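# Structural overview
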Amino acid sequence: MVDILSIREDYDGRVATQHANARFLVPHIAKEGWALFCDGDVMFRGNVARLFDSLNPKYAVYCVKHKHEPSAGMKMDGQQQTRYARKNWSSFLVFNAQHEANRALTLDLVNTLPGRDLHRLCWLEDGQIGELGIEWNWLAGCSKPVDDPKVVHFTLGTPDMAGYERSAYSDEWRAQLNNWAA
């Protein structure tokens, strides 16, 4: 049996975590319908159910097609910032679990393909990737300002991390956290 939860070295020696590559098993797990994956450093500000209202089944995946080219250095928690094609596209993915193209995402493929290839959605042709509006994965500190983002992604660091306490929407993030803790 293939271990889908192993931690392994990626293409250039950096560690690919369980979380980083497990997202590509979402269609395998869901088996049918639409299924959402998002990074853990996002804050929902809108009704995510509305996202599913107008999806076209001709697409295997939907995402925000960011043109994000971060500068070299560190990001949250002292993590090395990496650059690769389609950076942050895979941080918020809506999978069409029944799309033929997603059948390529087998346990073996996800466990053996380098993360850089998975994160750039290498198993898909360009025409199989639907585009979501920026409001569905707005990158705090990276994206141009927009009115009323539905999802704020604290990709550089969450407001509880040193240096990110005053990032955009940090007060709202703390208010949501306090509501959950109450």
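Residues numbered from 1 in each chain as written. Predicted model: local features only at pLDDT ≥ 70, side-chain atom pairs only at ≥ 80, totals over all residues. Heavy atoms only, no water.

Even without being glycine, Lys31 reaches a positive phi, approximately 70 degrees. As for its position among the elements, Lys31 is in the loop between helix 2 (26–30) and strand 3 (34–38). Its identity as a non-glycine residue notwithstanding, Asp148 has a phi of 55 degrees, on the positive side. Within the secondary structure, Asp148 is located in the loop between strand 10 (138–139) and strand 11 (151–153). With relative accessibility at 44%, the residue Asp148 sits in the partly exposed group. (Helix = DSSP H or I, 4+ residues; strand = E, 2+ residues; numbered from the N terminus. Buried < 20%, exposed > 50% of the residue type's maximum accessible area, 1.4 Å probe, protein only.)

We now examine the pairing of strand 8 (residues 92–96). Here strand 8 lies mainly inside the structure; five of its five residues are buried. Residues of strand 8 alternate between two faces, with Phe92, Val94 and Asn96 on one and Leu93 and Phe95 on the opposite face, all of them buried. In this structure, strand 3 lies alongside strand 8, joined through five bridges in antiparallel fashion. Bridge pairing links Leu36 to Val94 in strand 8. Two elements, strand 5 (residues 61–63) and strand 8, share two bridges in a ladder whose sense is antiparallel. Residue pairing in the sheet places Tyr62 in a bridge with Val94 of strand 8. (Pairing = 2+ DSSP bridges.)

Sheet architecture is open: four strands sit in the order 3-8-5-9, paired in mixed fashion. Here the strands that pair on one side only, and so sit at the sheet edges, are strand 3 and strand 9 (129–131). Strand-to-strand twist of the sheet, defined as the mean angle between neighbouring strand axes without regard to direction, takes the value 25 degrees. (Axes fitted to C-alpha atoms, helices over the stretch in contact; angles between N-to-C directions.)

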